[in-house]
Every structure is written in structure tokens, then in C-alpha cells.
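Chain by chain, the residues:
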Amino acid sequence: MSTQPKLSGGDQAKEAEIRFHNTMSGLTEPFVPVAPGEVRSYTCGPTVYDFAHIGNFRTFVFQDVLRRYLKAKGFRVIQVMNLTDVDDRIIQKAAAGGVSIRDYTDKYIQAYLDDRRALNLEPPEHVARATEHIDDMVELIQRLTAKGFTYTSEGSTYYRIAKFPAYGKLSKIDVAGMQTGARVDMDRYDKDNARDFALWKAPKPGEHFWETPIGPGRPGWHIECAAMALKYLGDTLDIHSGGVDLTFPHHENEIAESEAATGKTFVRYWLHAEHLLVDQEKMSKSVGNIATLRELLSHGHKPSSVRFLLASVPYRRQLSFTPESLQGAASSVERLRNFAARLRTEKFAEGHSAAIAGRAAKARDEFDRGLADDLNTAQALAAIFDLVREVNTAMDRGEFRQGDAAPVLDVMEMFDGIFAVLRDDDAEKLRTFGIGQDSSAPSDAEVEALVAERQAARKRRDFAASDRIRAHLAERGILLEDSRDGGVRWKRK
């Protein structure tokens, strides 16, 4: 579907109030942005030291659903996504490979952007590479130094968290027992390990570094996001989202850096997505239970199935990733596509039904209310599948009229503006990954021509020719479905 119908309608009083669960307060709160009609949102993107895995994309799909829903409600969304292209792991891996940081990360950035397109993730307004914002990070560190929040040791600059009494307010970590002066140099460290953290790291022998007014070195992980968020979105953001594992230390440290520099609230709404589980364990590279998108695609799964599965469970619930759940997602997408195709191609008796129009309006309202309730995608999907079941039943009983197709199709287009799975372009996307390339696979135009030829053969009652065309298309991966009204629908295997 090419357009995204607005969920905001004429009767504003009946519209569902958007509410999000705010990690900061622990409450589900009404969403009120700083500027009416505009949402400034920061998205924690990947650290590009390797291919992103499906656990990462659980968060990225949630962020895309959030973005699409806000746009559908009429908001202007300004979204910034960072690409962390310098950290401890990247420096180590680039050095081990004998290549520059830029050359090492370019490969994984391109792979990540390709994966995003395959999963129909809309591009943010700003994609910010950390290495292209070193000056912004240095300037922020200088502001913190001028206010007494930093100290230096052996050429590195550290944030003194004792100077920020509110430290721990997001993650609810207890810093009372922290050893004064204890610090941590690693970008990542154990939960509850509250320590002064590095803002700027002095270079080790042979390590890449930048020459700056605060000395040679490179930024710590946390200052990267704080500096880029402030640069593009201002002192106070409406939404900051990421995986739940980023709450501490990353997001906690971003708050400490930003609020110490500006004296203002950094983020109004913190949204965190729960983990993707494999055999009841978090999917992660450290555990070794990861699957990348391209691995799943090479095993015959479709991008639409992966997207649907990752979006189907509300973001604050853990999602169990199994072959069965992925197959279930594929079946759901197929059912939705078949339903939309039936609405578009099947011929019904003339007229319209007030009952069907009312049923479509009810589905639209329930879909909106589900998403307005902290992006409850399960509730929203239930509204759509209830509509599909009831309308299919009406069609089978001959109770559906031609004029009923438009309002139901409007609901399906509204649904697809958020979930983005109805367009049958999986084969095309797989070919961009070098998967399923088959010179015998016909183009859409060729399929349509053969279907028209078959319809003409059926009309002149040349059933032998009709059967030959059906068999020929089946050999090339195209399945035909004849409808009761004499029409035909087709799909790729």
C-alpha cells in the first residue's frame, strides 16, 4: 500500500488518548509533546562492529511502529538515529583486521541499512555517525568541564557522578555505596556498577585517535548520543527509545551529561523494548544464540514474516523467537494478503451494507485504541483479524456488496501504514540479497499477461490451454486462485 491514511479523524472527542509507559516514572502517561503537533525522537541505533541480529531488530521494528503511528495520528516526527561507529570493540576489531575504523564499519553500516529496507523500516530524518560529530562531543565535554562535572586522569576525561545528585533516577540504581573516585574505562560494564565514566579516552599505543582542544583521544560511548541528540533535537526531547538493556549505564549516563550541561530535563518520555528470547535466554552475541536477518532469509523465511513477528508482540513484553512463531507469522501475513486481494479483485453484487460499513468503522476505532494504549500491537492486530474473519464470512454467504469493499480496504490500508506487510514484494527483496535469484521467475507484468491469456482461453472454453498456462506458471513459482465470480488472484510461492 502506497499511502498511509491518517488515524486522526473528524470527531476529535472520540479519538483515543495516546499513552506511553515512561521508564522514568514507571507509569503509563498521556503523551503530550513539548511543541503541539511535533515529536522530537531519538532512537538508539546499532554499534556497527558486526551484523545486527534479530534481537536488535525487535527494538528497531518497535521504533518504526512508534514512528508510523505518531505520523498516522498527524504528528510531524523528527527522528534522529545514531550509528555508533567507534567504541572499544570496533577499535579492537579494526586493529585486528589491519584496516581503518571507517573501512571496518562501512561494511556493517551498509548491511544494517539494507536490512532496514528489507524490513520496511522508514528512514529517520537524521542518521548520525558518531565519528562525524567529534567536534560536538568535544564541545559538550568542555561545557561539562566549565561547570565542574569532569576531572582528568592520565590524559582521559571522566564524569564525576557525585556532582549530579539525580544520578540513578532512570534506572533506579543505588549509588549510595559507590566508592569515591572509582571509575570505569570500558564503554560497557555490569549493571549496578555505578562508577565515574569516561567522556574522553586517551589513546593507547597504536590506537586511532583524534587531535582536539581537550587532547588526543576518542569519545566514550555515552557522550556520543548525548551530543548528537542535543545537536539535532534541542535541550529537551519528547521521546528517547531503545532496548531495555540500555537503561543502565547508557541512558542513565546520557541524562547525567545532558542535564548537567543544559540544566533542563533531557527527555520527557523514555520508552524501552524488552528482549527477544531464544530458549528462554536473551538473544545476544555474548550468549552465541543470535540469528541475523540474512541468515533467516537464506533459510527460506520472508522479510514480511520477520517484520510481522517482531511487531506482533507489544514492545514491553518479552518475545519468544521460535521456528513455529516465525511460521505462524508467515501464515498470518498470507491470510491478510489474501483478504486484501479478495477485496480488490473479487466481484460482488451491487450495493452496500450499513452493517459492513459500521463493522469497518469499529475495527478502525479498536485498532487505534490498541495502539494508543502504549502501542499494544496485539490488541490492534486482534481488531484487524476479527474484521477479516467476519468479512470473509459475509463474502462466503453472499452478504457482501461491491460498495462494501472501499471502507474495508481503507481499514486495511490504515493497518498497513503501521505494520507494512501487505505488499507482496518479498521475492524482490530476497533478490537484493542474492537469495532466490531465479532466471525463470516471471516479472509481475509477465504474470499479468499470462493470467489474461488464460482468462481468454477459459472464456472460449479452451480448458487445455488454460491448464497448460496454470501449470507453466506453477513451475515458475506462481500460484493461481480462481474465485467464484470468474476472476483470478495470483501470488508467488
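Worth saying up front: this structure is predicted, and the values here are computed from it rather than measured. (Residues numbered from 1 in each chain as written. Predicted model: local features only at pLDDT ≥ 70, side-chain atom pairs only at ≥ 80, totals over all residues. Heavy atoms only, no water.)

An α-helix turns once every 3.6 residues. As a result, residues three or four positions apart point the same way. If you check helix H10 (residues 354–372), its first and last C-alpha atoms are 27 Å apart, about what 19 residues at 1.5 Å a residue would give, namely 27 Å. Along H10, the residues that are buried comprise Ile-356, Arg-359, Ala-360, Ala-363, Phe-367, Asp-368, Gly-370, Leu-371 and Ala-372. In this structure, the buried side of H10 is in contact with strand S1 (19–22), helix H1 (54–72), helix H11 (377–396) and helix H12 (405–419). Near the N-terminus of H10, the side chain that reaches the backbone nitrogen of Ala-355, with its oxygen 3.2 Å away, is that of Ser-353. Phi turns positive one or two residues past the end of H10, at Asp-374, with a value near 55°. (Helix = DSSP H or I, 4+ residues; strand = E, 2+ residues; numbered from the N terminus. Expected span 1.5 Å × (residues − 1). Buried < 20%, exposed > 50% of the residue type's maximum accessible area, 1.4 Å probe, protein only. Contact = heavy atoms within 4.5 Å. Polar contact = N/O pair within 3.5 Å; in protein donor to acceptor, adjacent residues only side chain to side chain.)

Okay, the packing of aromatic side chains next. If you walk through the whole model with that rule in mind, you get 18 aromatic pairs. A ring pair is formed by Phe-60 and Tyr-112, whose centres lie 5.3 Å apart and whose planes are at 70°; its orientation type is edge-to-face. Here Phe-60, found in helix H1, pairs with Tyr-112, found in helix H3 (residues 101–118); they are 52 residues apart in sequence, far enough to count as distant. When the ring of Phe-348 is compared with that of Phe-400, the centres are 4.8 Å apart and the planes differ by 70°; the resulting orientation is edge-to-face. Taken together, the positions of Phe-348 in the loop between helix H9 (323–345) and H10 and Phe-400 in the loop between H11 and H12 put the pair 52 residues apart, joining distant regions of the chain. Phe-348 gets classed as buried once you look at its relative accessible area, which sits at 12%. Under the relative-accessibility criterion, Phe-400 is labelled buried at 2%. Put simply, the rings of Phe-20, Phe-31, Phe-75 and Tyr-269 touch in pairs and so form one group of aromatic residues. In this structure, Lys-163 packs its charged tip against the face of Phe-149, placed 5.5 Å from the ring centre. It is Arg-183 that lies over the ring of Tyr-158; its NZ or CZ is 4.9 Å from the centre. (Phe/Tyr/Trp six-rings, centres within 6.5 Å; stacked < 30°, edge-to-face > 60°. Lys NZ or Arg CZ within 6 Å of the ring centre and 35° of its normal.)

Before going further, it helps to spend a moment on unusual backbone geometry. Working note: non-glycine residues mostly have negative phi, and peptide bonds are mostly trans. Residue Phe-248 is joined to Pro-249 through a cis peptide bond whose omega torsion reads 5°. Inspection of the secondary structure assignment puts Pro-249 in helix H6 (residues 247–262). The phi dihedral of Asp-279 is positive, around 50°, even though this residue is not glycine. Its place among the elements puts Asp-279 in the loop between strand S13 (276–278) and strand S14 (281–282). Using a relative accessible area of 72% as the deciding quantity, one classes Asp-279 as exposed.

If you trace the three strands from one edge of the open sheet to the other, you get S14-S13-S15, paired in mixed fashion. Strands at the two margins of the open sheet, each flanked by one partner only, are S14 and strand S15 (319–320). Bridge count for S13 against S14 is two bridges, and the pairing is antiparallel. From the neighbouring strand, Val-278 faces S14, where its bridge partner is Glu-281. (Pairing = 2+ DSSP bridges.)

The next thing to look at is the side chain of Ser-304. Its location among the elements puts Ser-304 in helix H8 (residues 303–312). Of the polar contacts made by the side chain of Ser-304, one reaches the side chain of Arg-337; its length is 3.4 Å. Setting aside anything within four residues of it in sequence, one finds Ser-304 in contact with Val-333, Arg-337, Val-421 and Asp-426.

What follows concerns the nonpolar core. Grouped together as the largest cluster of nonpolar side chains are 139 residues, with contacts concentrated most on Ile-54, Leu-70, Tyr-159, Phe-367, Phe-400 and Phe-415. The contact partners of Tyr-159, leaving out residues within four places of it in the chain, are Leu-144, Phe-149, Phe-164, Asp-196, Phe-197, Leu-199, Ala-256, Glu-257 and Ala-260. If you look at the next biggest cluster of nonpolar residues, it comprises eight residues, including Val-447, Ile-469, Ile-478 and Val-488. (Core = buried A, V, L, I, M, F, W, Y, C linked by side-chain atoms within 4.5 Å.)

A few words on the pattern of salt bridges. Tallying each qualifying case throughout the model produces 36 salt bridges. In this structure, the salt-bridge partner of Glu-122 is Lys-71, at a minimum N-O distance of 3.0 Å. With Glu-122 in the loop between H3 and strand S5 (126–129) and Lys-71 in helix H1, the pair connects residues that are 51 residues apart, well separated along the chain. For Glu-122, a relative accessible area of 14% translates into the label buried. In this structure, the salt-bridge partner of Arg-337 is Asp-426, at a minimum N-O distance of 2.8 Å. Placement of Arg-337 in helix H9 and of Asp-426 in helix H13 (residues 426–432) is noted, with a sequence separation of 89 residues between them. Pair check on accessibility: Arg-337 and Asp-426 agree, each one buried. Where salt bridges share partners, they join Asp-64, Arg-67, Arg-68, Lys-71, Glu-122, Glu-125 and Arg-307 into one cluster. (Salt bridge = Lys/Arg side-chain N within 4 Å of Asp/Glu carboxyl O.)

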